[in-house]
Amino acid sequence: MATIQWFPGHMAKALRQIKEQLPLVDIVFELVDARVPYSSQNPEVHRLAGNKPRLLIMTKTDLADPKVVTQWQNFFAKRGQVVLALDSRERQVAKKVTNAAKEILKDQLAIEAEKGLKKRAIRAMCVGVPNVGKSTLLNHLVKKNVAQTGNRPGVTTGQQWLRSSAELELLDTPGVLWPKFASQKQGTMLALSGAIKDSLYPKDDVALFALAYLKEERSAELKTRYRLSDDDLAQPDPELLLIITQKLGFRDDYDRASERIIFDLRKGKLGLISLEKPADLNTEGINE
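Okay, so let's go over this structure.

What counts, and at which threshold
- Residues numbered from 1 in each chain as written.
- Predicted model: local features only at pLDDT ≥ 70, side-chain atom pairs only at ≥ 80, totals over all residues.
- Heavy atoms only, no water.
- Helix = DSSP H or I, 4+ residues; strand = E, 2+ residues; numbered from the N terminus.
- Buried < 20%, exposed > 50% of the residue type's maximum accessible area, 1.4 Å probe, protein only.
- Polar contact = N/O pair within 3.5 Å; in protein donor to acceptor, adjacent residues only side chain to side chain.
- Contact = heavy atoms within 4.5 Å.
- Phe/Tyr/Trp six-rings, centres within 6.5 Å; stacked < 30°, edge-to-face > 60°.
- Salt bridge = Lys/Arg side-chain N within 4 Å of Asp/Glu carboxyl O.
- Patch = residues over 30% accessible without salt bridge, like charges linked within 9 Å, V, L, I, M, F, W, Y side chains within 5 Å.
- Areas by Shrake-Rupley, 256 points an atom, 1.4 Å probe, with all protein chains shown as cover.
- Lys, Arg positive; Asp, Glu negative; His and termini not counted.
- Charge placed at Lys NZ, Arg CZ, Asp CG, Glu CD.
- Expected span 1.5 Å × (residues − 1).
- Core = buried A, V, L, I, M, F, W, Y, C linked by side-chain atoms within 4.5 Å.

In this fold, serine 40 is placed in the loop between β1 (27-33) and α2 (43-49). Classification of serine 40 as buried rests on a relative accessible area of 1%. Side-chain polar atoms of serine 40 contact the backbone oxygen of valine 36, separated by 2.6 Å. In this view, serine 40 contacts Glu30, Leu31, Val32, Asp33, Val129, Trp178 and Leu190; residues no more than four positions away in its chain are not counted.

The structure is reproduced here in structure tokens:
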């Protein structure tokens, strides 16, 4: 499998901008993909944020296995991390996020009130890997389409301040990755989730990873989606990819079939997907 590493100059610039703007905010909202909530945390953001209060927001919960989402919520909570699991389209998103931020900052806000300072909006910086659903969440927080959305990385290209309410102001930032992934598995999961541009990795490698996962976790959906038999599923993953290629009518164009598998998984057409679980930590490819 080819190594997936990607850190273009514009991401280095975005990290510098984050560092410059951090003193202006009260709290950092870090968005992570609920399908890969551990691997989509950016260690560079953790390093830059230091002791700045943080709220972890798990997005795309509508595409993830709800049982595993709960496991991750418990995992982060036990480590003292305040976490929200959200479908960004929920009607109560703004209220949930605002209340969570107020709870995290209650001591700071109480001190300001005791000093007689005028009540003000909480200022939050929103950060996350590319294509984590940040713009979708922000549009629901401010109740208008002020942040451009798209199911691909790199849609947000600059920083902008947005007002959610009298209680919350938000600084949107471009999606950022980091210079080197902890493991090849982490890079592959991020590619599969859509955090890395599709032109930058070998699609067949990522599709084979997806097939190995689907055979174990979502075999029924895999069989139904591509009209596969039990004998088909018993084949090695490369052979199975070729079988699916033929079933899709793509002849021997397994790159095209690989792309279809990747996109089907991302869109939820192969069931609710959780590519990592807390129990996977300290096993091959994921390090705590």
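There's more to say after this.
So, on to the packing of aromatic side chains. Applying the stated criterion across every chain, the model contains 6 aromatic pairs. When the ring of tryptophan 72 is compared with that of phenylalanine 75, the centres are 5.2 Å apart and the planes differ by 85 degrees; the resulting orientation is edge-to-face. In this pair, tryptophan 72 and phenylalanine 75 both sit in helix α3 (residues 66-78), 3 residues apart, roughly one turn of the helix. The exposure class of phenylalanine 75 is buried, given its relative accessible area of 9%. Judged by centre distance (5.4 Å) and plane angle (85 degrees), the rings of tryptophan 178 and phenylalanine 181 are edge-to-face. Each member of the pair, tryptophan 178 together with phenylalanine 181, is buried. Through successive ring pairs, a cluster of aromatic residues spans Tyr38, Trp72, Phe75 and Phe76.

Positive phi, normally seen in glycine, also occurs at lysine 60, with a value near 60 degrees. Turning to its location among the elements, lysine 60 is positioned in the loop between β2 (54-59) and α3. Located in the positive-phi region is asparagine 131, a residue other than glycine, with phi close to 65 degrees. If you trace the backbone, asparagine 131 turns up in the loop between β4 (122-128) and α6 (134-142).

Let's shift gears to α6. Across the 9 residues of α6, 7 count as buried, placing the element largely inside the fold. Residues Lys134, Ser135, Leu137, Leu138, Asn139, Leu141 and Val142 constitute the buried set of α6. Tucked into the core, α6 has its buried residues touching β1, β2, α4 (93-104), β4, β5 (160-165) and β6 (168-172). Following α6 by one or two positions, lysine 143 has its phi on the positive side, about 60 degrees.

Glancing now at the pattern of salt bridges. As enumerated under the stated definition, the model contains 16 salt bridges in all. Salt-bridge contacts for arginine 120 lead to aspartate 26; the nearest nitrogen and oxygen are separated by 2.8 Å. Here aspartate 26 lies in the loop between α1 (9-21) and β1 and arginine 120 lies in the loop between α5 (106-114) and β4, a separation of 94 residues in the sequence. Residue class for aspartate 26 comes out buried when judged on its relative accessible area of 10%.

Further remarks concern a negative patch on the surface. Together, Asp252, Asp253, Asp255 and Glu259 make up a negatively charged patch on the protein surface. Assignment of secondary structure puts aspartate 252 in the loop between α11 (237-247) and α12 (254-266).

Next up on the list: a positive patch on the surface. On the surface, Arg256, Arg260, Lys267 and Lys269 cluster together into a patch of positive charge. Looking at the secondary structure, you find lysine 267 in the segment after α12.

On to α12. Here α12 contains 13 residues, and its C-alpha end-to-end distance of 18 Å stays within 8% of the 18 Å for a straight helix at 1.5 Å per residue. Every buried residue of α12 is listed here: Ala257, Ser258, Ile261, Ile262, Asp264, Leu265 and Arg266. Immediately downstream of α12, the backbone of glycine 268 shows phi near 85 degrees, a positive value.

What follows deals with the nonpolar core. The nonpolar side chains of a soluble globular protein tend to be buried, and buried together. With 59 residues, the main nonpolar core has Phe29, Val97, Leu170 and Leu222 as its most contacted residues. For this core, the leading source of residues is helix α8 (residues 203-217), giving 6 residues. Sequence-distant contacts of phenylalanine 29, defined by excluding residues within four places in its chain, comprise Leu55, Ile57, Val97, Ala101, Ala124, Met125, Cys126, Val127, Leu168 and Leu170. Among the nonpolar cores identified, the runner-up in size contains 13 residues, and Val32, Met58, Val68 and Phe76 belong to it.

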